Amino acid sequence: MKVVIIGGDAAGMSAAMQIVRNDENAEVVTLEKGNIYSYGQCGLPYVISGKIESSDKLIARSVDTFRDKYGIDARVYHEVTDVDTENKVVKGTNLKTGETFSENFDKLLIATGVSPVKPGWEGIELNGIHTLKTIPDAEKVIKDLDESVKKVAVIGGGYIGLEMAEAFRELGKEVRIIELGPQLASIFDEDMAELIHEEAERNSVSVHTNEGVQSFKGDQRVEKVVTDKGEYDADLVLVSIGVKPNTSFLKECGIHMTENGAIQVNRYMQTSMENIYAAGDCATHFHRVKERDDFVPLGTTANKQGRIAGLNIIGQPNTFKGIVGTSVIKFFDLTLGRTGLSTKEAEELNLPFANCSTEATDIAGYYPEARELRVKIVYRDDNERILGGQFIGKYGVDKRVDVLSTALYHQMSLHDIEDLDLSYAPPYNSVWDPLQQAARRAQH
């Protein structure tokens, strides 16, 4: 059996490794548009800030390792431009030589990921305007960050925008975030986002919300960002306003996709076409709380979906159990964590919901260096089933968000949270964990 995989990062190579480890007769060909395989994209802001000394540290396995150790025909600079589903052939171009290629397959996995959205704003092609998704992207930013760069504008206040604002401040740059929406980190509720705005202000990050970029000015290099409210000097710009699935090459082949271009898959990672699978950021992700397909591109999900796709390709049935929407981010001295639904999402889904919040400490309040931790739980007000939660503080956020994500996975209620046997000692927790404190408050 010959398996062709389009995409050489998290989902694609997780699948490839499952195939070669479990089927010694399988022939695996991977086609990667770039020249770097299997790397940690989430580490890129920390390479730019200097916390991680080199982008080489982010590479889990090199192309040569896949080729020499595992026998995978791992190709670089191979961009697929067409999939002939009837004849089981992929076609494309070798970006290094300009030559075209075609590759037959018995089974195909599409794991092409996403690309940053880059609107057609006037002046967008000026030097000094960047997006961030790949190691080459990060290296371009690093190369561009010389001493002449004093003022940086970050367009978009999502996770990457926040991480990069911190990175640029750590490098001593003046930083301005311009966000079209009413707040930073829109996946948090407004009352929680207040803490994020306060942290930005504490670290001298200028925040502009409800403001839309219109164009950029400059001769050869960007000099100003023009919005619907004003003009701002900028020596370097990072555009981070979202991503789109890399699936435009599939438009004519009949594979079912969602409105935003994500490939529709079932729990076995199968597409609407026989013998064709998809996984990772380019595919849909079943959301266990929403009880429907969603699009939440994250590296953790990509690795899981890739692994499951690989097993199904070789006839070892396995299903993707779904996501609950868990994420965590460092923003200066704060950790921001969330899982499940926000109140905004619960309202959009017309769910009967309520929420409760509490101010607690990450450890016993009387123990030295106890730090404030804000907790918010969203739950159904008809049966008290947990719908989601948000956590912001200096310490202890990751622990609580993981506990609540597990509770969401198992459809637990407020009462179930209160009954959990969680670890306690004054240096690590209160007698009642902050999560349980919030759950108890909601019930009284």
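All residue numbers refer to positions counted from 1 along the written sequence of the respective chain. Owing to the predicted nature of the model, reporting of local features is limited to residues with pLDDT of at least 70; listing and counting of side-chain atom pairs is limited to 80 or more, with chain, interface and lining totals taken over all residues. Only heavy atoms go into the side-chain values, all of them from the structure, while hydrogens and water stay out.

Participant: I'm lost on the overall build of the protein chain in this one. Help?
Facilitator: Along its length, the protein chain carries 11 helices and 25 strands. In summary, the protein chain has a C-alpha radius of gyration of 23 Å against a globular reference of 22 Å for 444 residues, a match within 12%. Dimensions of the protein chain, computed from C-alpha atoms along their principal axes, come out at roughly 65 × 55 × 40 Å. Put simply, of all contacts in the protein chain between residues at least 6 apart along the chain, 61% involve residues at least 24 apart. Treating the 49 positive side-chain charges of the protein chain as one cloud and the 68 negative ones as another, the clouds have centres 2 Å apart. We count a stretch as a helix when DSSP gives it H or I for four or more residues in a row; a strand needs E for two or more, and each element gets its number in order from the N terminus. Every radius of gyration here is taken over C-alpha atoms, with the globule rule written as 2.2 Å times N^0.38, N being the number of residues. We call two residues in contact when some of their heavy atoms are within 4.5 Å. For the purpose of charge, His is not counted, nor are the chain termini; Lys and Arg are scored as positive and Asp and Glu as negative. For charged residues, the charge sits on one atom: NZ in Lys, CZ in Arg, CG in Asp, CD in Glu.

Participant: Hey, could you run me through a negative patch on the surface in this one?
Facilitator: Here, patches come from residues exposed beyond 30% relative accessible area and free of salt bridges, joined within 9 Å for like charges and within 5 Å for nonpolar side chains (Val, Leu, Ile, Met, Phe, Trp, Tyr). Only the protein chains shown count as cover for residues, and the accessible areas themselves come from Shrake-Rupley with a 1.4 Å probe. A pairing counts as a salt bridge when a side-chain nitrogen of Lys or Arg comes within 4 Å of a carboxyl oxygen of Asp or Glu. Residues Glu190, Glu194, Glu198 and Glu201 make up a contiguous surface patch of negative charge. One can find Glu201 in helix H6 (residues 190-202).

Participant: Quick question: what am I supposed to make of empty space enclosed by the protein here?
Facilitator: One simple way to see leftover space: roll a probe sized like a water molecule over the atoms. Cavity: a set of points on a 1 Å grid over the protein atoms alone where a 1.4 Å probe fits but cannot get out. Pocket: an open set with protein on both sides within 12 Å along at least five of seven lines, its lining residues, like those of a cavity, having an atom within 4 Å of a point. Grid points are joined across faces, edges and corners, and a volume is the space filled by probe spheres set on the points. Scanning all chains against the criterion turns up one cavity of 30 Å³ or more. Lining the largest cavity, in full, are Pro45, Tyr46, Ser49, Lys51, Glu163, Glu166, Ala167 and Glu170. For the lining of the largest cavity, the secondary structure elements donating two or more residues are helix H2 (44-49) and helix H5 (159-170). Residue contributions to the lining of the largest cavity peak at four residues, all from H5. Amino acid classes used here: Ala, Val, Leu, Ile, Met, Phe, Trp, Tyr, Cys and Pro are nonpolar; Asp, Glu, Lys and Arg are charged; the rest, including Gly, are polar. Looking at side-chain class alone, the lining of the largest cavity contains three nonpolar, one polar and four charged residues.

Participant: Help me out: how do you make sense of the UniProt feature "domain: Pyridine nucleotide-disulphide oxidoreductase dimerisation" (unreviewed entry) in the protein chain in this one?
Facilitator: The positions that UniProt labels "domain: Pyridine nucleotide-disulphide oxidoreductase dimerisation" (unreviewed entry) are, in the present scheme, residues 328-430. Secondary structure content for residues 328-430 is 24% helix and 36% strand, and the end C-alpha separation is 22 Å. UniProt positions are given in the numbering used here, feature names are shortened, and annotations may be inferred rather than shown by experiment.

Participant: How should the environment of Met257 be read in this particular structure?
Facilitator: Looking at the secondary structure, you find Met257 in the loop between strand E17 (243-245) and strand E18 (276-278). The class of Met257 is partly exposed, set by a relative accessible area of 27%. For the pair Met257 and Asp189, spaced 68 residues apart in sequence, the C-alpha separation works out to 30 Å. What Met257 contacts, discounting residues up to four positions off in sequence, is Thr247, Leu250, Lys251, Ala262, Ile263 and Gln264. Note on exposure labels: buried denotes an accessible area under 20% of the residue type's maximum, exposed denotes more than 50%, and partly exposed covers the range between, all computed with a 1.4 Å probe on protein chains only.

Participant: Help me out: how do you make sense of unusual backbone geometry in this one?
Facilitator: What you tend to see is this: most non-glycine residues have negative phi, and most peptide bonds are trans. At Ser38, a residue that is not glycine, the phi angle is positive and equals roughly 50 degrees. On the secondary structure map, Ser38 appears in the loop between strand E2 (27-31) and H2. Overall, the relative accessible area of 12% leaves Ser38 in the buried class. Of note, Glu384 is a non-glycine position whose phi angle comes to about 65 degrees, a positive value. Among the structural elements, Glu384 can be located in the loop between strand E24 (372-380) and strand E25 (386-393).

Participant: Looking at this structure, how should I read the sheet that holds strand E12 (residues 205-208)?
Facilitator: The pairing of strands in a sheet comes from backbone hydrogen bonds and takes either a parallel or an antiparallel form. For two strands to pair, DSSP has to find at least two bridges joining them. Spatially, E9-E16-E10-E11-E12 is the arrangement adopted by the five strands of the open sheet, whose pairing is parallel. At either margin of the open sheet sits one strand with a lone partner, and together these are strand E9 (129-130) and E12. Sheet topology note: the strand E10 (residues 151-155)/strand E11 (residues 174-178) ladder contains five bridges and is parallel. Bridge assignment links Val154 to a residue of E11, and that residue is Ile177. Under this scheme, a helix contributes an axis fitted over its contacting stretch, all axes are lines through C-alpha atoms, and angles between N-to-C directions fall in the 0 to 180 degree range. On top of the sheet, H5 reaches E10, E11, E12 and strand E16 (236-239); it is set at about 165 degrees to E11, its chief contact.

Participant: Sorry, what's going on with the layout of surface pockets here?
Facilitator: Roughly 180 Å³ of internal volume is contained in the second largest pocket. Forming the boundary of the second largest pocket are Leu195, Glu198, Arg202, Leu334, Glu359, Arg371, Glu372, Arg374, Ile392, Gly393 and Lys394. Only H6, E24 and E25 provide two or more residues apiece to the lining of the second largest pocket. The element contributing the most residues to the lining of the second largest pocket is H6, with three residues.

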